[in-house]
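Residue-level structure breakdown
Letter by letter, the chains look like this.
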Amino acid sequence: MVVPPPVRPERVTKYLKPYILRMHFTNKFVNTQVIHTPTATVASAASTQEKALRLSMEKTKENTRDVAAAAKIGKILAERLLLKNIPAVSVFYKRDQRYHGKVKAVIDSLRNAGVKLI
């Protein structure tokens, strides 16, 4: 059974930022998603769990959870966003996330690739 996304009234969706970047870091992987808030769907995503990326990183003996991996994920996500004509996103920080380390690497690589941050 497929649950349809929530329908929000026009007065609410007019003031929402349309695309939100969410980041999740585990002990093994880096995951990022860009969510389209009016429809509550994932517009684009990138992760070090993806098979092609994980295999290429394992071949070159790179780590899938460090700052360099986070920067690579940000660059891949930026390319995917620009292909889908999404020029700007807003960043959603969790309570314990600060602009430092992996979070900074993802955001800086998005910014350097041409995605605007709101």
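Residues numbered from 1 in each chain as written. Predicted model: local features only at pLDDT ≥ 70, side-chain atom pairs only at ≥ 80, totals over all residues. Heavy atoms only, no water.

**Looking at the overall build of the protein chain**
Quick reminder of the rule: Only runs of H or I of at least four residues qualify as helices and only runs of E of at least two qualify as strands under DSSP, and these elements are numbered from the N terminus. With a 1.4 Å probe rolled over the protein chains alone, any residue whose accessible area is under 20% of its type maximum counts as buried; one over 50% counts as exposed, and the rest are partly exposed. We call two residues in contact when some of their heavy atoms are within 4.5 Å. Only the protein chains shown count as cover for residues, and all accessible areas are computed by the Shrake-Rupley method using a 1.4 Å probe. A positive count includes Lys and Arg, and a negative count includes Asp and Glu. His and the chain ends are not counted in either. For charged residues, the charge sits on one atom: NZ in Lys, CZ in Arg, CG in Asp, CD in Glu.
Helices and strands together make up the secondary structure of the protein chain, namely four helices and five strands. Shown N-terminal to C-terminal, the secondary structure of the protein chain runs as helices and strands in the order α-β-β-β-α-α-β-α-β. Within the span of the protein chain, comprising 118 residues, buried residues form 31% of the whole. Considering only residue pairs separated by 6 or more positions, the protein chain has 59% of its internal contacts joining residues 24 or more positions apart. Summed over its atoms, the accessible surface of the protein chain is roughly 7,800 Å², and 57% of this surface lies on carbon and sulfur atoms. Charge-centre separation for the protein chain: the mean point of 22 positive side chains lies 4 Å from the mean point of 8 negative side chains.

**Notes on the nonpolar core**
What counts here: Buried Ala, Val, Leu, Ile, Met, Phe, Trp, Tyr and Cys residues that are joined via side-chain atoms within 4.5 Å together make up what is termed a nonpolar core.
Formed by 23 residues in total, the largest nonpolar core has its most connected members in Leu21, Val34, Leu77, Leu81, Val89 and Leu110. Elements supplying a minimum of two residues to this core: strand E1 (19–25), strand E2 (30–36), strand E3 (41–47), helix H2 (51–59), helix H3 (67–83) and helix H4 (102–113). Excluding its chain neighbours within four sequence positions, the residues that come into contact with Leu21 are Thr32, Gln33, Val34, Leu77, Val89, Ser90, Val91, Phe92, Val106 and Leu110.

**Some thoughts on H3**
To keep things clear, this is the line we draw: Expected span of a helix, by definition, is 1.5 Å for each gap between consecutive residues, and there is one gap fewer than residues.
In a regular helix each residue adds 1.5 Å, so 17 residues correspond to 24 Å; H3 covers 25 Å between its end C-alpha atoms and thus fits that length. Residues of H3 that are buried: Ala69, Ala70, Ile73, Gly74, Ile76, Leu77, Ala78 and Leu81. Once H3 ends, the next one or two residues include Asn85, with phi positive near 60 degrees.

**Examining the pattern of salt bridges**
Any two side chains of opposite charge can pair, so long as their charged atoms come close to each other. As a reminder, the rule being used: For this analysis, a salt bridge means a side-chain nitrogen from Lys or Arg found within 4 Å of a carboxyl oxygen belonging to Asp or Glu.
Considering all chains together, one arrives at three salt bridges under this definition. When the shortest N-O distance is used, the salt bridge between Glu50 and Arg80 registers 2.9 Å. Here Glu50, found in the loop between E3 and H2, pairs with Arg80, found in helix H3; they are 30 residues apart in sequence, far enough to count as distant. Between Lys72 and Glu62 there is a salt bridge, with the nearest N and O atoms lying 2.9 Å from each other. In this pair, Lys72 is assigned in helix H3 and Glu62 in the loop between H2 and H3, connecting sequence segments 10 residues apart. Under the relative-accessibility criterion, Lys72 is labelled partly exposed at 29%.

**Brief notes about the environment of Gln97**
Relative to the helices and strands, Gln97 resides in the loop between strand E4 (88–92) and H4. Residue classification places Gln97 among the buried positions, given a relative accessible area of 12%. Through-space distance from the C-alpha of Gln97 to that of Asn85 is 28 Å; in sequence the pair is 12 residues apart. The contacts of Gln97, once residues within four sequence positions are left out, are Met23, Phe25, Phe92 and Val103.

**Some remarks on the sheet that holds E4**
For the record, the criterion: Only when DSSP finds a minimum of two bridges between them are two strands counted as paired. Inter-axis angles, ranging from 0 to 180 degrees, are taken between N-to-C directions of lines fitted to C-alpha atoms, where helices are fitted over the stretch in contact.
The strand order across the open sheet formed by five strands is E3-E2-E1-E4-E5, and the pairing between neighbours is mixed. If you trace the sheet from one side to the other, it starts and ends with E3 and strand E5 (116–117), each paired once. For E4 and E5, the ladder comprises two bridges, and the chain directions are parallel. By the bridge assignment, Ala88 is partnered in E5 with Lys116. On top of the sheet, H3 reaches E1, E2, E3 and E4; it is set at about 140 degrees to E3, its chief contact.

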